[in-house]
Amino acid sequence: MFPQTGEWAGGEACLPAALKALNGVNQRVDVLPGYYLNLSAYDTRCSPGLGTTILYELLYNKTFGINSSILMLLGPACSPVSTAVGEAAKMWNLIVLSYGSSSPALSNRVRFATFFRTHPPATLHNPTRIKFFQLFNWKRIAILIQTEEVWQSTAEHLEQLARENNIHVAVRQLFDNDPSHAISNLKKDDIRIIVGLFYEEKARKVFCQAYQQNYFGEGYVWWTIGWYADNWFLKVNDIDCTEEQMMKAVEGHFTTEIQMLTDSTQETISNITPQSFVADLNSSLRELFPYKSVESVGGYVEAPLAYDATWALALALNRSLNRTNLEKWSYDNSQMKNIMMEDMENTQFFGVSGFVKFDKQGNRMSKIVVEQLRNGVYHRIARFDAQTGIIEWLRKEEKDGKRCWNYKNTSSMDR
Ligand SMILES: CC1(C)CO[C@@H](CC(=O)O)CN1
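Residues numbered from 1 in each chain as written. Predicted model: local features only at pLDDT ≥ 70, side-chain atom pairs only at ≥ 80, totals over all residues. Heavy atoms only, no water.

A. Region of the structure containing the nonpolar core. Among the nonpolar cores identified, the biggest contains 72 residues, and Leu73, Leu94 and Met344 are the most heavily contacted of them. Counting residues per element, this core draws most heavily on helix α10 (residues 303-320), at 12 residues. Not counting residues up to four positions away in its chain, the partners in contact with Leu94 are Leu55, Leu59, Ile70, Leu71, Met72, Leu73, Ala89, Thr114, Trp329 and Tyr331. Counting 58 residues, the second-largest nonpolar core is a separate cluster that includes Val150, Phe175, Tyr228 and Trp232. (Core = buried A, V, L, I, M, F, W, Y, C linked by side-chain atoms within 4.5 Å. Buried < 20%, exposed > 50% of the residue type's maximum accessible area, 1.4 Å probe, protein only. Helix = DSSP H or I, 4+ residues; strand = E, 2+ residues; numbered from the N terminus. Contact = heavy atoms within 4.5 Å.)

B. Examining the environment of His119 more closely. Position of His119 relative to the elements: it lies in the loop between β3 (115-117) and α4 (125-135). On the accessibility criterion, His119 (7% relative accessible area) is buried. Apart from residues lying up to four places away in sequence, His119 is in contact with Ser98, Tyr99, Gly100, Ser101, Ser102, Ile258, Met260, Glu302 and Leu305.

C. Looking closely at the state of the cysteines. Enumeration over the complete set of coordinates arrives at 2 disulfides. Counting only the cysteines that form disulfides, in the order they appear in the protein, gives the pairing 1-2, 3-4. (Disulfide = S-S within 2.5 Å.)

D. Just unusual backbone geometry, in detail. Cis rather than trans, the peptide bond between Gly75 and Pro76 has omega equal to 0 degrees. Mapping Pro76 onto the fold places it in the loop between β1 (72-74) and α3 (79-89). At Asn271, a position not held by glycine, the phi torsion is positive, near 60 degrees. Relative to the helices and strands, Asn271 is located in the loop between β8 (254-258) and α9 (274-288). Positive phi, close to 50 degrees, is recorded for Asn375, a residue that is not glycine. Mapped onto the secondary structure, Asn375 falls in the loop between β11 (368-374) and β12 (377-385). When its relative accessible area of 65% is taken as the criterion, Asn375 is described as exposed.

E. A look at the pairing of strand β7 (residues 221-225). Of all 5 residues that make up β7, 5 are buried, and the element is covered over most of its length. Sheet topology note: the strand β6 (residues 193-197)/β7 ladder contains 3 bridges and is parallel. What sits directly across from Ile193, in β7, is Val221. Crossover connection from β7 via helix α8 (residues 243-250) to parallel β8: handedness right-handed. (Pairing = 2+ DSSP bridges. Right-handed = clockwise from strand over helix to strand, strands pointing away.)

F. Expanded view of the sheet that holds β1. Here 3 strands make up an open sheet; going across it, the order is β1-β2-β3 and the pairing parallel. Every other strand in the sheet has two partners, leaving β1 and β3 as the edge strands with one partner each. Between one strand axis and the next, the sheet turns through 20 degrees on average, direction left out of account. Pairing analysis gives 3 bridges linking β1 to strand β2 (residues 95-98), with the strands arranged parallel. Directly across from Leu74, in β2, lies its bridge partner Leu97. (Axes fitted to C-alpha atoms, helices over the stretch in contact; angles between N-to-C directions.)

G. Structural detail: the sheet that holds strand β4 (residues 140-146). Read from one edge of the open sheet, 8 strands run β5-β4-β6-β7-β8-β11-β12-β13, paired in mixed fashion. The open sheet is flanked by β5 (168-175) and β13 (390-393), the only strands paired with a single partner. If you compare each strand with its neighbour and ignore which way they point, the axes differ by 25 degrees on average. Of the strands in this sheet, β4, β5, β6 and β7 touch helix α5 (residues 149-164), which is tilted by about 165 degrees from β4.

H. Focus on the packing of aromatic side chains. As enumerated under the stated definition, the model contains 25 aromatic pairs in all. Arranged with centres 4.8 Å apart and planes meeting at 50 degrees, the rings of Phe207 and Trp222 form a pair that is tilted. Remark: Trp222 occurs in strand β7 and Phe207 occurs in helix α7 (residues 200-212); sequence separation between them is 15 residues. Grouping residues by exposure puts Phe207 and Trp222 together as buried. Where Phe277 meets Tyr307, the ring centres are 4.7 Å apart and the plane angle is 55 degrees; that geometry is what we call tilted. Of this pair, Phe277 sits in helix α9 while Tyr307 sits in helix α10, and the two are 30 residues apart along the sequence. (Phe/Tyr/Trp six-rings, centres within 6.5 Å; stacked < 30°, edge-to-face > 60°.)

Here it is as structure tokens:
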């Protein structure tokens, strides 16, 4: 399931990436020997209703020319579609492997018993936020949340981690469309460290309000999401602030985002390096989307996750060959589903998105990259691995952590 339009058209780049992985799998004699894996792709348009309809057609009407059961589902991408399809799929013992869904709700193993994902949940940002608060002895924070399930469940997880690490969440402000009241409450409570959980369009409204209420500058530390468009704060046509005002409001804020392409130059499971994967994908995307820059093709950043998800499915099926007969697969074969679940949980390999391994909730863990905006440009300053607790500083002047942001007096920020 690869959305080509809708809220997030991630399938634009992720389908070509998945097909490249499939091609690699089918060329290997040591993976699924004697079998040829075929992928039938469908555009869900990021719609839960359409995704559920496609699932039903695949399972029953065979109108897609499929004369046998589908073994596994690659996708959906968008969280709302994964929520609908992922909850239904378990009724047919169907393994679902998403490459693009970030909703923390999908970690619920009761609702989504057969759901796996190579795209980590949004909650993965939280250990990194806590790590930095500890580094700078920031004991009192606030969370500003757009009323969307993905952000509210991320906020709940962040509050739980904060409590466990003696960090006080002094204010938790929710807003739907207009953040002005929430911002004035943060200012009234003299909050200095703010974690903002909202989509890009709302981020513009938040920082425009912060400017108008003079709630910005060196005494305030904003933490937001790193996967907005690079110049998101300059798209001022939907807010009543100028570009210059927005530049002032957003200056110095930090972002966290999941690292989806490894920095390694080592060959991956598919015997190619991550760099040659990118070069190959770019040339394909230039042909498919000649009027777009490759970076602006939907799902470009997540394409490595789709490539690795395809390899993960193939390797899991390959493992199951030793214990079952794929020809015997049918939707009422729960015993075989259990074998495939175990094989998914035991599948691990080095892919183009880094090391791939699924935890008991079907989630894959990754590193988190921390950036800071300075004079309108994002600078990568650190990378954090929540599993090892290791922080890598990516710029030497930050090594001692003291001169990171040349604030004259950090004590003003630990209030
Ligand atoms: C980082 C992002 C853009 C988060 O949303 C994901 C889509 C979703 O969760 O619906 C895709 N990747």
